[in-house]
Amino acid sequence: MTLSGLPLDLIFYALSILAVLITGLLKGLGSVREDERGVRCRWGKAIRTKNGDVNIRGPGLVLLIPFIDTLMKVHVRQRTLNLVDQKVTLADGFVFAVSAVVIVKISDVYKSLFDIDNLENAITNAGLLVVQQRLNQKTYGDLLSGNEQLSKKDSKKLQEIIAPWGTDLIEFGLTDSAVIPEQAHLISAQVGALIKLEALKSAAEKLNLELKDFPPNLAAALIGVPIVSTVNNDRKVISFQSVT
């Protein structure tokens, strides 16, 4: 059979060759955006200059040999990585959900492409490791105060981890921390006990008593037993009332 006087087999072969040429043409062109840098690889190996340096390609078109060359690219703009609600166990056994931010920028394109797999995931895990090592030494009181922050030593430690990956650390810090819901009632109980203990100490001082000699009924009133007690001490009358 023919179409316009040409055999169908010939038309089919011509279209197949045309499709291969078009595919080859498309694979022979690569592009690098303004916020990217690229490395051209041949048979999977980075192409180098005569001096042995890796040929880093800037923004624009890159000519490739189809099916032989590939173009590896990486974003070089500043990146912000958020570590959200990461669970950390403190020195006193409480578990807090901690959030932190890591801001980095690529300093070595080749290392960021070939020396680490999944760069962002690796940086996130490294940041979490440093946060855990820092907070494992802290108590819930340190975090509830709201003043706990990562130190320059912590930033230096993270920089040492990510530097071999061709990455510079710009900023690293905690953004939020809260006890996990399952332990919130334990924190409330601890805080309540501390407040009541301070009340006992204050009352003991007013009575000129040692805390160990404090009258048990008054201690019971202050720690939550609903009674009212009055004590005469050296002609002083002091009343204590506990409301639960």
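What you see is a predicted model; the values in this text were computed from it and never measured. (Residues numbered from 1 in each chain as written. Predicted model: local features only at pLDDT ≥ 70, side-chain atom pairs only at ≥ 80, totals over all residues. Heavy atoms only, no water.)

**Details of the sheet that holds strand E9 (residues 79-89)**
The three strands lie next to each other as E9-E10-E11, forming an open sheet whose pairing is antiparallel. Of all the strands in the sheet, just E9 and strand E11 (167-179) have a single pairing partner and so form its edges. Taken pair by pair, the neighbouring strands of this sheet meet at an average axis angle of 20°, ignoring direction. Across nine bridges, E9 lies against strand E10 (residues 95-106) in antiparallel orientation. Its bridge partner lying in E10, Leu 83 is registered against Ala 100. The strands touched by helix H3 (residues 119-135) within the sheet are E9, E10 and E11, with E9 carrying the most contacts at an inclination of about 40°. (Pairing = 2+ DSSP bridges. Helix = DSSP H or I, 4+ residues; strand = E, 2+ residues; numbered from the N terminus. Axes fitted to C-alpha atoms, helices over the stretch in contact; angles between N-to-C directions. Contact = heavy atoms within 4.5 Å.)

**So, the confidence of the model for the chain**
Per-residue confidence for the chain gives a mean pLDDT of 78, with 64% of residues at or over 70. Of the regions scoring below 50 in pLDDT, residues 225-244 engages in 36 contacts with residues more than four places distant in sequence or in other chains. (pLDDT = per-residue confidence, 0-100.)

**Quick notes on the packing of aromatic side chains**
The tally for this structure, following the rule as stated, stands at one aromatic pair. Measuring from centroid to centroid gives 4.9 Å for Tyr 110 and Phe 114, while their planes differ by 35°, and the two rings are tilted. In this pair, Tyr 110 and Phe 114 are both assigned in helix H2 (residues 109-114), four residues apart and thus about one turn of the helix distant. Here Tyr 110 falls in the partly exposed class, since its relative accessible area comes to 26%. Judged by its relative accessible area of 31%, Phe 114 falls in the partly exposed class. Just above the ring of Tyr 110 sits the side chain of Arg 48; from NZ or CZ to the centre is 5.4 Å. (Phe/Tyr/Trp six-rings, centres within 6.5 Å; stacked < 30°, edge-to-face > 60°. Buried < 20%, exposed > 50% of the residue type's maximum accessible area, 1.4 Å probe, protein only. Lys NZ or Arg CZ within 6 Å of the ring centre and 35° of its normal.)

**Section: unusual backbone geometry**
Most peptide bonds are trans, and most residues other than glycine sit at a negative phi. A positive phi angle is found at Trp 43, which is not glycine, with a value near 55°. Position of Trp 43 relative to the elements: it lies in the loop between strand E4 (36-42) and strand E5 (45-46). Positive phi outside glycine occurs at Asp 85, with the angle close to 50°. Within the secondary structure layout, Asp 85 lies in strand E9. Residue class for Asp 85 comes out partly exposed when judged on its relative accessible area of 48%.

**A word on the side chain of Glu 36**
Secondary-structure assignment places Glu 36 in strand E4. Of the residues examined, Glu 36 reaches a relative accessible area of 8% and is grouped as buried. One polar contact links the side chain of Glu 36 to the main-chain amide nitrogen of Arg 33, over a distance of 3.0 Å. When near neighbours in sequence (up to four residues on either side) are disregarded, Glu 36 contacts Ser 31, Lys 73, Val 74, His 75 and Val 76. (Polar contact = N/O pair within 3.5 Å; in protein donor to acceptor, adjacent residues only side chain to side chain.)

**Considerations on the packing of H3 against helix H5 (residues 152-162)**
The interhelical angle for the contact between H3 and H5, taken along N-to-C directions, is 150°, at an axis separation of 10 Å. The interaxial crossing formed by H3 with H5 has right-handed handedness. Of the residues in H5, those in contact with Ile 123, Ala 126, Gly 127, Val 130, Gln 133 and Arg 134 of H3 are Asp 154, Lys 157, Leu 158, Ile 161 and Ile 162. Residues of the contact of H3 with H5, tallied by class, amount to six nonpolar, two polar and three charged. (Left-handed = near helix turned anticlockwise from the far one by under 90°. Nonpolar A, V, L, I, M, F, W, Y, C, P; charged D, E, K, R; others polar.)

**Here we look at the environment of Leu 129**
You can see Leu 129 is positioned in helix H3. In sequence terms Leu 129 and Val 88 are 41 residues apart; their C-alpha atoms lie 9.9 Å from each other.

**Notes on the nonpolar core**
Core analysis: the biggest nonpolar cluster contains 36 residues, and Val 102 and Val 131 have the highest contact counts within it. At the level of secondary structure, the elements contributing two or more residues to this core comprise E4, E9, E10, H2, H3, helix H4 (140-144), H5 and E11. Apart from residues no more than four positions distant in its own chain, Val 102 is found in contact with Arg 79, Thr 80, Leu 81, Leu 83, Ile 123, Leu 158, Leu 169, Glu 171 and Phe 172. (Core = buried A, V, L, I, M, F, W, Y, C linked by side-chain atoms within 4.5 Å.)

**Notes on the pattern of salt bridges**
For the coordinates displayed, the defined rule picks out eight salt bridges. Between Arg 33 and Glu 36 there is a salt bridge, and its shortest N-O distance comes to 3.8 Å. For Arg 33, a relative accessible area of 46% gives the class partly exposed. It is possible to trace a salt-bridge network through shared partners that takes in Arg 33, Asp 35, Glu 36, Lys 73 and Arg 77. (Salt bridge = Lys/Arg side-chain N within 4 Å of Asp/Glu carboxyl O.)

**Digging into the environment of Val 131**
Note on placement: Val 131 falls in helix H3. Note on Val 131: relative accessible area 4%, which makes it buried. For the pair Val 131 and Phe 172, spaced 41 residues apart in sequence, the C-alpha separation works out to 9.8 Å.

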